[in-house]
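# Commentary on secondary and tertiary structure
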Amino acid sequence: MSVPVRYLGASGLAGRLGVSRSAVAKWRERHGPDSPHPFPVPDVEIDGVPGWRPARVSEVEHWRADLPGRGAGGGRPSAAEREYLRAAQSRGVSRDEARRVADAIEEERPEMRRPEIYAWLLAMWRED
């Protein structure tokens, strides 16, 4: 007896990413195959419904991390990012450099989300 292959639909993928199903649908729509940053192509489509292997969740997370962030044409920075950037500026660190630091930490610690990285950096600076 064969074991069925399991896939995540947009709802399942969204649940793993901590976003809504409509966010996944919008990403697919806005970042199609001809986009400079195309959304990862589904492994299967059944009657027009996309499916991704669960092992590809990390690929989608990396894709999402490489999206132009808030403040890069995508709206206002989050409150956590604004607080971090203000603190960085008060220490003589430019916005670009502060973002590069956060990017580097995100690469080294992929389990941390941006708000956690900002909070961690702020806590370190407060200890100085």
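Details of the structure are given in the entry above.
Below or above, wherever it landed, is the structure these notes cover. None of these values were measured; they are calculated from a predicted model. (Residues numbered from 1 in each chain as written. Predicted model: local features only at pLDDT ≥ 70, side-chain atom pairs only at ≥ 80, totals over all residues. Heavy atoms only, no water.)

Right, let's get into the packing of helix α1 (residues 10-17) against helix α3 (residues 57-65). Packing of α1 against α3 leaves a shortest axis separation of 10 Å and a crossing angle of 65°. Between α1 and α3, the angle is such that the two are roughly perpendicular. Of the two elements, α1 crosses α3, and the hand of that crossing is right-handed. Every residue of α3 that contacts α1 at L13, R16 and L17 is listed here: V57, V60, E61 and R64. The class makeup of the residues in the contact of α1 with α3 is four nonpolar, no polar and three charged. (Axes fitted to C-alpha atoms, helices over the stretch in contact; angles between N-to-C directions. Helix = DSSP H or I, 4+ residues; strand = E, 2+ residues; numbered from the N terminus. Parallel < 35°, antiparallel > 145°, perpendicular 65-115°, else oblique. Left-handed = near helix turned anticlockwise from the far one by under 90°. Contact = heavy atoms within 4.5 Å. Nonpolar A, V, L, I, M, F, W, Y, C, P; charged D, E, K, R; others polar.)

A separate point is the environment of H31. Structurally, the position occupied by H31 is in the loop between α2 (21-30) and β1 (44-46). Between the C-alpha atoms of H31 and G92, which are 61 residues apart in sequence, the distance is 36 Å. Residue contacts for H31: discarding those within four places in its chain leaves H37, P38, F39, W63 and L67.

As a further point, take the side chain of E106. With respect to the helices and strands, E106 occurs in helix α5 (residues 95-108). Engagement of the side chain of E106 in a polar contact is seen with the side chain of R114, the distance being 3.3 Å. (Polar contact = N/O pair within 3.5 Å; in protein donor to acceptor, adjacent residues only side chain to side chain.)

Counted by the stated rule, this structure contains six aromatic pairs. Pairing F39 with W63 gives two aromatic rings, centres 4.8 Å apart and planes at 80°, and the pair type is edge-to-face. With F39 in the loop between α2 and β1 and W63 in helix α3, this residue pair connects regions lying 24 residues apart in the sequence. When its relative accessible area of 6% is taken as the criterion, F39 is described as buried. W63 gets classed as buried once you look at its relative accessible area, which sits at 6%. Feature note: the residues W27, F39, W52 and W63 constitute an aromatic cluster, connected by ring pairs. The ring centre of W120 lies 5.1 Å from the NZ or CZ of R109, which sits over that ring. (Phe/Tyr/Trp six-rings, centres within 6.5 Å; stacked < 30°, edge-to-face > 60°. Buried < 20%, exposed > 50% of the residue type's maximum accessible area, 1.4 Å probe, protein only. Lys NZ or Arg CZ within 6 Å of the ring centre and 35° of its normal.)

This brings us to helix α6 (residues 114-127). Along its 14 residues, α6 runs 20 Å from first to last C-alpha, staying within 8% of the 20 Å computed at 1.5 Å per residue. Looking only at α6, the buried set comprises I117, Y118, L121, L122 and W125. End-on, the buried residues of α6 take up no more than an arc of 130°, which puts them together on one face. In α6, those exposed residues whose orientation departs by more than 90 degrees from the buried face are R126 and E127. Of the surrounding elements, those touching the buried residues of α6 are α4 (79-90) and α5. (Expected span 1.5 Å × (residues − 1). Arc of directions from axis to C-beta.)

Worth remembering: the numbers are spatial, not functional.
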